[in-house]
Amino acid sequence: MIYKTSTKTPLQRVKDEFEEHTKEKSFGVLGSYEFKKILHSKGFDLEKDITVYEVCNPNAALKILTAFPEISAYLPCRISVYEENGETVITTIDMRDVVKTLDVDADYKAHMNSVFEILINIMNSWK
């Protein structure tokens, strides 16, 4: 359900380089949410510095949404970064699990899985 990887690269460096790494794979960052800051502004203190990035590849999104608009509930793709046990953790929804449940043809599933492989490459680019 969740794809998770980690790196020894410091959290701030991953955050600083995140947009560059996504661009290298023809994705873009649509936005980000720094939950520690957001919750602090609402009067709540979150210990962990958790940032979620919304990423998109317009060409892939067009193909996916044209064939199966219901998948829009999972888009844009979200990647989360935070520290845990001295490492930077990078997580996302494991779309391979989602794709298995869809009533779509094999070509669509293959396309979705190839897009997810690019996300995995982005997430592992700090190793």
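See the structure shown above.
Because the structure is predicted, anything quoted here is derived from the model rather than measured.

Reading the values: the criteria
- Residues numbered from 1 in each chain as written.
- Predicted model: local features only at pLDDT ≥ 70, side-chain atom pairs only at ≥ 80, totals over all residues.
- Heavy atoms only, no water.
- Axes fitted to C-alpha atoms, helices over the stretch in contact; angles between N-to-C directions.
- Helix = DSSP H or I, 4+ residues; strand = E, 2+ residues; numbered from the N terminus.
- Left-handed = near helix turned anticlockwise from the far one by under 90°.
- Contact = heavy atoms within 4.5 Å.
- Expected span 1.5 Å × (residues − 1).
- Buried < 20%, exposed > 50% of the residue type's maximum accessible area, 1.4 Å probe, protein only.
- Arc of directions from axis to C-beta.
- Pairing = 2+ DSSP bridges.

1. Some words on the packing of helix H3 (residues 58-67) against helix H5 (residues 106-123)
Phase 1: One can describe the packing of H3 onto H5 by two numbers: an axis separation of 11 Å at closest approach and a directional angle of 145°. Remark: the crossing between H3 and H5 carries left-handed chirality. Of the residues in H5, those in contact with Ala60, Lys63, Ile64 and Ala67 of H3 are Tyr108, His111, Met112 and Val115.

2. Thoughts on H5
Phase 1: Its 18 residues give H5 an end-to-end C-alpha distance of 26 Å, which sits within 8% of 26 Å, the value for a rise of 1.5 Å per residue.
Phase 2: For H5, the full list of buried residues reads Tyr108, Met112, Val115, Phe116, Leu119, Ile120, Ile122 and Met123. Projected down its long axis, H5 carries its buried residues within an arc of 155°, all on one side. Exposed and oriented more than 90 degrees from the buried face of H5 are Ala106 and Asp107.

3. Observations regarding unusual backbone geometry
Phase 1: Omega for the bond connecting leucine 75 with proline 76 falls within 30 degrees of zero, at -5°, which places this linkage in the cis form.
Phase 2: Note on placement: proline 76 falls in the loop between H3 and strand E4 (77-84).
Phase 3: In this structure, serine 26 takes a positive phi of about 65° despite not being glycine.
Phase 4: Topologically, serine 26 is positioned in the loop between helix H1 (11-24) and strand E2 (28-34).

4. What about the sheet that holds strand E3 (residues 51-56)?
Phase 1: Read across the open sheet, the 5 strands follow the order E1-E5-E4-E3-E2; overall the sheet is antiparallel. Edge positions in the sheet fall to strand E1 (2-7) and E2, since each has one partner strand and no second. Across the sheet, the axes of successive neighbouring strands diverge by a mean angle of 25°, strand direction being ignored.
Phase 2: Across 6 bridges, the pairing between E2 and E3 is antiparallel. Within the sheet, the bridge partner assigned to glutamate 34 lies in E3 and is threonine 51.
Phase 3: Packed on one face of the sheet, H1 meets E1, E2, E3, E4 and strand E5 (87-93) and runs near 160° to E4.
Phase 4: Against the sheet, H5 makes contact with E1, E3, E4 and E5, and its axis sits at roughly 170° relative to E5, the strand it touches most.

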